[in-house]
Amino acid sequence: MSVLQYILDLGSSVVMPLIITILGLVLGQKFSKAFRSGMTIGIGFIGINLVIGLMGDFVSPAAQAMTQRFGMNLSVIDVGWPVSASIAFGTQIVPFVFLVCFVLNIIMLAANTTKTLNIDIWNYWHFILTGALVQFLTGSMIAGVIASGITFIIIMKLADYSAPRVQEYFGLPGVSLPHTETVSWAPICILMDKVYDKIPGINKIHFDGETIQKRFGIIGEPMVLGLILGAGLGALAGYEPNKIVTLGVNMAAVMFILPRMVRILMEGLMPLSEDAKKFLAKKFPGKEVNIGMDAAIATGSPMVISAALIMIPVTLLLAVILPGNRVLPLVDLATLPFFMIWPVVASKGNLFRSLITGTLMMIAILYIATNLAGTATLIAQSTDFTFPAGAKAISSLDTGAHLVPYIIYKIAEFFQMLF
């Protein structure tokens, strides 16, 4: 446990280069090529995290200013995804879940029940989260590990199902995204897009990046959209003109820089993907394998970022008007690009449809986060999670986004009541 925790504490930007380098060597790459791929991917992740961090540094204060300006008084504080990770890593099932998921992945690949080789080991905590919730509910470590394994299998199947759309929309050949908070919503988002196709009027509205740029010229360029959306957030927050401009320029920087960080990451990933295909074609003719990656590589899409920025005030409004919601969105507003991946992909970049689906998603996420607030608060207290000053109950939008873990947890809760 201590060895595993030491490795995980290094962070994804260090762990991923190690994994990529080792995988490259296994695939027959020279050390220099494998090492270069690993380092390039690590640098790409650092760049993506820096830009998303920049977004959070400016969005979170704006969100807090909006909540104060409009008198939002909700009792459960959104402390961000670290509370979900703390719940996961605060249990003793961590090494067992890592082992089970690794073995399951190998078995599924060998049995042709998945096409995804999940190298996103840092985010294995998503699967551990299910186990932590079920273990807390039942008191059984075995039940927790089984729940984690079931989550892993479902997410792998969803990654396979969604991979063609990911590869086509983002231009990521040989990649899938077994990322629980995002891919859990893929079937729902795809279904919603099919529903829109049947609604007269709605099915004729189409605003993608190309359409917006053609219609609005320079205003439709990603950096200018970021400037406008950022300035709009500043205005809603009641900022002075200088702070409005500052927020706008920084959001323009996010829109401009983030896609370039993703390109750096892809520069390292593509040689690995190509060599993996050659290796498999030689050893296992006809076998297709996708590399399972962190969904962060999909957050560089201008439509994803645009939809996420628009969804910030929408999410805050929903938090106030939804009956029964107790969660005050704050920290995880910066992670909205992750949540907006599938509304955008399912609609093929149609911003209008993305915002409708995104709104429906956020309604569900807020209610799930509210429902799990009591459990999240109790487990966080037991793991010595640092609570914000004055906060008595905590949760997060990220906690609410873990749809598959939530469903498995509720099934376990149902059987717990029966027996």
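The following paragraphs examine the structure supplied in this document. Everything numeric here is computed off the predicted structure, so don't read it as measured data. (Residues numbered from 1 in each chain as written. Predicted model: local features only at pLDDT ≥ 70, side-chain atom pairs only at ≥ 80, totals over all residues. Heavy atoms only, no water.)

### As for the packing of aromatic side chains
Applying the stated rule across the entire model yields eight aromatic pairs. For the ring pair tryptophan 81 and tryptophan 125, a centre distance of 6.2 Å and an interplane angle of 25° mean the geometry is stacked. On the criterion of sequence distance, the pair formed by tryptophan 81 in the loop between β1 (76-78) and α4 (82-89) and tryptophan 125 in helix α6 (residues 125-138) is long-range, its members being 44 residues apart. Taking the relative accessible area as the measure of exposure, tryptophan 81 reaches 36% and is therefore partly exposed. Residue classification places tryptophan 125 among the buried residues on the basis of a relative accessible area of 2%. Linked through ring pairs, Phe98, Tyr124, Phe127 and Phe152 together constitute an aromatic cluster. The positively charged end of lysine 243 is found above the aromatic ring belonging to tyrosine 239, 4.3 Å away from the centroid. (Phe/Tyr/Trp six-rings, centres within 6.5 Å; stacked < 30°, edge-to-face > 60°. Helix = DSSP H or I, 4+ residues; strand = E, 2+ residues; numbered from the N terminus. Buried < 20%, exposed > 50% of the residue type's maximum accessible area, 1.4 Å probe, protein only. Lys NZ or Arg CZ within 6 Å of the ring centre and 35° of its normal.)

### Comments concerning the side chain of asparagine 350
Tracing the chain through its elements places asparagine 350 in the loop between α15 (341-346) and α16 (351-371). From its side chain, asparagine 350 meets the backbone nitrogen of phenylalanine 352 in a polar contact 3.1 Å long. Setting aside residues no more than four positions away along its own chain, asparagine 350 makes contact with Ile205, His206 and Phe207. (Polar contact = N/O pair within 3.5 Å; in protein donor to acceptor, adjacent residues only side chain to side chain. Contact = heavy atoms within 4.5 Å.)

### Topic: the sheet that holds strand β3 (residues 175-176)
The three strands lie next to each other as β2-β4-β3, forming an open sheet whose pairing is parallel. Of all strands in the sheet, those with a lone pairing partner are β2 (116-118) and β3, marking the two edges. Where β2 lies against strand β4 (residues 290-292), three bridges are found, and the strand directions are parallel. Across the sheet, residue leucine 117 finds its bridge partner in β4, namely isoleucine 291. (Pairing = 2+ DSSP bridges.)

### Describing helix α9 (residues 186-197)
Spanning 12 residues, α9 covers 17 Å between terminal C-alpha atoms, matching the ideal 16 Å at 1.5 Å per step. Residues of α9 that are buried include every one of Ala186, Cys189, Ile190, Asp193 and Tyr196, and no others. Each buried residue of α9 sits inside an arc of 115° when the element is viewed along its axis, so together they form one side. The exposed set on the far side of α9, more than 90 degrees from its buried face, consists of Leu191 and Lys194. Elements that come into contact with the buried residues of α9 comprise α7 (141-170), α8 (180-183), α15 and α16. (Expected span 1.5 Å × (residues − 1). Arc of directions from axis to C-beta.)

### Things to note about the sheet that holds strand β6 (residues 393-395)
Judged by pairing direction, the sheet is parallel, and its three strands sit side by side in the order β5-β1-β6 without closing on themselves. Strand pairing shows two members of the sheet lacking a second neighbour, β5 (327-328) and β6, which therefore form its edges. Across the face of the sheet, helix α17 (residues 373-382) comes into contact with β1 and β6 while running at roughly 105° to β6. (Axes fitted to C-alpha atoms, helices over the stretch in contact; angles between N-to-C directions.)

Spatial relationships are all this shows, so hold off on functional conclusions.
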